[in-house]
Amino acid sequence: MEISGFTIIRNASRLDFPLEASIRSVLPVVSEFVVNVGASEDDTLARVRAIGDPRIRIMETIWDPGRGVAMLADETARALAACRAPWAIYIQADEVFADGSAELVRAAIERADCDPRIEGVIVDYRHFYGGFDMLASNRKWYRREVRAVRVAAAAAIHPYRDAQGFRVGPRDRKIRAIRSGAVMHHYGWARPEWALRAKRTEDAGLDAARQRLDANRPLLPWIPGIRRFTATHPAAMRPWIAERTIAGTLIEPWRFRGEHLRYLASAAVEGLTGWRPFEFRNYVTYSSPRSSNR
């Protein structure tokens with residue numbers, strides 16, 4: 001079965017994205033990989049070309065920051081529209097599949113393909129925060145997200161808001177998706193200080209409200225739910241990690257804020273029941289007699 005992969009990227013070096021590791025974590029299970037490369041101020045395009053895999057198809061594009069965070073959805077939609085296979089696996093440039101997880105997504109796609117009611121495939125997330133050995137886990141950080149979609153339905157399926165996930169149709173219906181058991185490592189908040197500052201500048205240019213908020217916030221505020229990560233990182237990421245030293249002091253010292261109360265309360269409920277109150281989801285978990293994933 002042919003499957004596409006796709007991503008978008010701009011200023012990968014200026015923002016210190018693990019671009020090569022991200023793409024390589026998907027390549028083993030796809031027949032093509034579409035990369036929407038926005039005009040950059042660094043060597044991003046050269047880095048994509050240097051991967052040297054014939055399955056990579058590059059779109060050289062001009063992005064419109066005047067669209068704000070919708071720009072990210074616009075460009076993600078453009079990459080999705082260029083995919084030629086019946087299904088496409090989406091990955092952001094600061095995400096890397098855990099070893100063996102891309103294969104789990106492919107297996108879930110093969111299960112889902114026979115049921116047209118299933119529109120997507122869900123992966124679980126690990127959000128690294130302030131270092132490669134720390135995870136953010138309160139309910140502000142999504143536990144799961146759709147990372148594969150049925151391309152035949154792409155006219156209706158579209159990236160939602162800042163392209164964290166996908167929705168369906170003009171009313172933004174939640175996508176029907178099955179879980180895969182795959183794990184995605186998200187490194188967006190585990191980059192060196194200079195890269196996080198560049199990210200803040202980039203984000204501020206897209207979101208005026210965020211710019212006002214960030215002006216009075218530390219680079220990495222202390223938050224409830226930070227926990228240690230003791231497992232292994234994907235093989236594709238290990239050289240990138242080895243080249244970087246991130247001090248845990250990037251996270252501000254413990255400081256309680258009123259907003260933390262709701263996260264602590266949610267964590268208490270989740271710990272007792274397994275249910276996460278007020279969890280944001282772009283999808284509904286779907287089961288069918290023809291799917292073994294329940």
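Above this text sits the structure in question.
Residues numbered from 1 in each chain as written. Predicted model: local features only at pLDDT ≥ 70, side-chain atom pairs only at ≥ 80, totals over all residues. Heavy atoms only, no water.

S.K.: So what exactly am I meant to see when it comes to the overall build of the chain here?
M.R.: Summing up its helical and strand segments, the chain has eight helices and 13 strands in all. Computed over C-alpha atoms, the radius of gyration of the chain comes to 19 Å, within 12% of the 19 Å expected from 2.2 N^0.38 for 294 residues, which places it in the range of a compact globule. When each of the 294 residues of the chain is scored for burial, the buried share is 55%. Long-range contacts, defined here as pairs at least 24 residues apart, represent 78% of the contacts in the chain between residues at least 6 apart. As presented, the chain carries roughly 13500 Å² of accessible surface, and 54% of it is formed by carbon and sulfur atoms. Positive and negative side-chain charges in the chain, numbering 45 and 35 respectively, have mean positions lying 6 Å apart. (Helix = DSSP H or I, 4+ residues; strand = E, 2+ residues; numbered from the N terminus. Rg over C-alpha atoms; globule rule 2.2 N^0.38 Å. Buried < 20%, exposed > 50% of the residue type's maximum accessible area, 1.4 Å probe, protein only. Contact = heavy atoms within 4.5 Å. Areas by Shrake-Rupley, 256 points an atom, 1.4 Å probe, with all protein chains shown as cover. Lys, Arg positive; Asp, Glu negative; His and termini not counted. Charge placed at Lys NZ, Arg CZ, Asp CG, Glu CD.)

S.K.: Is there a simple way to think about the pairing of strand 6 (residues 120-129) in this case?
M.R.: Along a regular strand, successive side chains alternate from one face of the sheet to the other. Most of strand 6 is tucked away: nine of the ten residues are buried. One ladder, built from five bridges, connects strand 6 with strand 8 (residues 144-150); its direction is antiparallel. Opposite Val123, over in strand 8, you have Glu145 as the bridge partner. Pairing of strand 6 with strand 11 (residues 173-189), which is carried by eight bridges, proceeds in the parallel orientation. When the sheet's bridge partners are listed, His127 is paired in strand 11 with His186. Two strands pair when backbone bridges link them, and strand 6 and strand 7 (residues 134-136) are joined in this way by two bridges, in the antiparallel orientation. (Pairing = 2+ DSSP bridges.)

S.K.: Help me out: how do you make sense of the pattern of salt bridges in this one?
M.R.: Opposite charge on two side chains makes pairing possible when the charged atoms of those side chains draw close. Within this structure, the stated rule accounts for 28 salt bridges. Lys199 is paired through a salt bridge with Asp203; the nearest N and O atoms lie 3.0 Å apart. One end of the pair, Lys199, and the other, Asp203, are both in helix 5 (residues 193-206), four residues apart, so they sit about a helical turn from each other. With relative accessibility at 16%, the residue Lys199 sits in the buried group. Taking the relative accessible area as the measure of exposure, Asp203 reaches 14% and is therefore buried. Arg281 serves as the salt-bridge partner of Glu279, at 3.3 Å between the closest nitrogen and oxygen. Within the structure, one salt-bridge network assembled from shared partners comprises Arg143, Glu270, Arg276, Glu279 and Arg281. (Salt bridge = Lys/Arg side-chain N within 4 Å of Asp/Glu carboxyl O.)

S.K.: Would you mind going over the side chain of Arg139 with me for this structure?
M.R.: Mapped onto the elements, Arg139 comes out in the loop between strand 7 and strand 8. Look at Arg139: it is buried, it has no salt bridge, and the nearest opposite charge is Glu270 at 8.1 Å. For Arg139, the side chain forms a polar contact with the side chain of Ser266, separated by 2.7 Å. Among all residues touching Arg139, those that are not within four sequence positions of it are Arg262, Tyr263, Ser266, Arg276, Pro277 and Phe278. (Polar contact = N/O pair within 3.5 Å; in protein donor to acceptor, adjacent residues only side chain to side chain.)

Shape is all these values report; function is a separate question.
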